[in-house]
Amino acid sequence: MKQTLWLKVNSRKPDIEKVQVAADIIRKGGLVAFPTETVYGLGADALNYEAVLELFEAKERPLDNPPIVHVENISDVHKLADQVPPKANRLMKEFWPGPLTLVFKRSERVPSVTVAGLETIAIRMPQHAVALALIEESNCPIAAPSANLAGRPSPTSAKHVFDDLNGRIDAILDGGSTRIGVESTVLDLSVNPPQVLRPGGTPLEALRKVLGDVKLHPFVIAEKELPMEKVRSPGMKHKHYAPNAEVIVVEGAISAVIAKVKDLAEAYRLKGVKVGVLATDETMANYQVAIVRSLGSRYNLAVIAQNLFKLLREFDAEGTHVVIAEGVPTEGLGLAVMNRLRKASGYNIVKAE
Ligand code: AMP
Ligand code: MG
């Protein structure tokens, strides 16, 4: 077991000595969790084969699901990618640093483990002073999947990282809670029109403003498990975001949703099941079960995204057996929220009418 160092840093003006301690660990092939604007990432030197292999092991992540490679300047993109199309230049100018990951054809100098044997590489520049300082001080691109055990809800605080990975990684840079709360949007530019492989912190509407036509991969909006041959982004096919509790998502018009959630909660309660409801500010007073949590106002999807993973983890801490979650509108950040909720439920979706 490793001794995991906890380094508290100022999230806006990170203390350089502590970042250097973390960067030393990365340069020596170790593993450091760090905050980004989306969720916490678990970083390793992207060009160090053994370090990346250890990264997969620490997370118990399947080897066929590549991490995103994080950079702090655009010239690194040209070293990691074989081709950078004009559309990518426009997107990087508009959205970087920020929660948009672009998929490029990869350069031969990237170790195959870093891209899980694919011909492509996913790259982004995070918008967080701690992440950027760590990459700069490490002097290498940093491969970083979310800093959770594979399959668990992504971590939005250092405490979440610690709960999953204490003893498995070398250090955690603690920069407080993350601002966006869901992962980056993954966009594939190798197809025409470009296709969103994972909805995330950069809304589809914003991408369409810049690029015009952008499609959603069928997986993004799936309401059931799709056949494997349709998978292009390997992460799509793995179990994801799931708390220990069973999750049920109830979707539909809001009054019908409230009635359905009440019915389901009552039925579980009568069976002696410890049931929780994941509601919103406008609806939570309708539910009389023991554990009701609000994601925030239905009219503020950014706040809902911020709270999602934290609340899923809180239900587990309370020993909840079944979580019944209200659906939210699939616009703006709501698309990412619903994608995560549906996956967390294993597509256990109830249509309320
Ligand atoms: P995470 O690092 O946990 O945020 O997950 C990274 C996501 O990016 C996963 O869904 C991966 O499948 C996806 N990804 C990473 N590399 C590629 C790639 N070369 N092509 C498509 N998707 C990728
Ligand atoms: Mg992840």
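The structure under discussion appears in the preceding block.
As the structure is a prediction and not an experimental result, all values here were calculated from the model. (Residues numbered from 1 in each chain as written. Chains lettered and ligands numbered in written order. Predicted model: local features only at pLDDT ≥ 70, side-chain atom pairs only at ≥ 80, totals over all residues. Heavy atoms only, no water.)

Q: Go over the sheet that holds strand β13 (residues 246-251), please, and point to the residues and values.
A: Strand order in the open sheet formed by 5 strands is β15-β14-β16-β13-β17, and the pairing between neighbours is parallel. A single partner strand is all that each edge strand has here, and the edge strands are β15 (291-294) and β17 (349-351). Averaged over neighbouring strand pairs, the angle between their axes works out to 20 degrees when direction is ignored. In this sheet, strand β16 (residues 322-326) lies alongside strand β14 (residues 275-279) in parallel orientation, the contact comprising 4 bridges. Note that in β16 the partner of Leu-278 across the bridge is Ala-325. Strands β14, β15 and β16 of the sheet are contacted by helix α9 (residues 301-317), whose axis makes an angle of about 170 degrees with β14. (Pairing = 2+ DSSP bridges. Helix = DSSP H or I, 4+ residues; strand = E, 2+ residues; numbered from the N terminus. Axes fitted to C-alpha atoms, helices over the stretch in contact; angles between N-to-C directions. Contact = heavy atoms within 4.5 Å.)

Q: Tell me about the side chain of Asp-316, residues and numbers included.
A: Along the chain, the position of Asp-316 falls in helix α9. The class for Asp-316 is buried, based on a relative accessible area of 15%. At 3.1 Å, the side chain of Asp-316 forms a polar contact with the side chain of Arg-152. Engagement of the side chain of Asp-316 in a polar contact is seen with the backbone nitrogen of Asn-244, the distance being 2.7 Å. Excluding residues that lie within four positions of it along the chain, Asp-316 makes contacts with Arg-152, Pro-243, Asn-244 and Ala-245. (Buried < 20%, exposed > 50% of the residue type's maximum accessible area, 1.4 Å probe, protein only. Polar contact = N/O pair within 3.5 Å; in protein donor to acceptor, adjacent residues only side chain to side chain.)

Q: A description of the nonpolar core should follow, citing residues and the corresponding values.
A: Burial of nonpolar side chains together is a common tendency in soluble globular proteins. Ranked by size, the top nonpolar core spans 47 residues in total, and within it Leu-42, Leu-91, Trp-96, Leu-102, Ile-123, Ile-169 and Leu-187 carry the most contacts. Among the secondary structure elements, those contributing two or more residues to this core are β3 (40-45), α2 (49-59), α3 (74-80), α4 (86-95), β6 (100-106), β7 (120-124), α6 (158-165) and α7 (204-211). Looking at which element gives the most residues to this core, the answer is α2, with 5 residues. The residues contacting Trp-96, other than those within four sequence positions of it, are Val-71, Ile-74, Val-77, Leu-91, Leu-102, Ile-123, Arg-124 and Met-125. Counting residues in hydrophobic clusters, the runner-up holds 27 residues, among them Val-247, Ile-304, Leu-311 and Val-337. (Core = buried A, V, L, I, M, F, W, Y, C linked by side-chain atoms within 4.5 Å.)

Q: How would you summarise the pairing of strand β9 (residues 171-174) if you had to cite specific residues and measurements?
A: Looking along a regular strand, one sees the side chains alternate between the two faces of the sheet. Across the two faces of β9 the burial is the same, with Ala-171 and Leu-173 and Ile-172 and Asp-174 all buried. Judged from the 4 bridges that link them, strand β1 (residues 5-8) and β9 form a sheet pairing that is parallel. What sits directly across from Trp-6, in β9, is Ile-172. Strand direction decides the pairing type here: strand β2 (residues 32-35) and β9, joined by 2 bridges, are parallel. If you follow Ala-33 over to β9, its bridge partner there is Ile-172.

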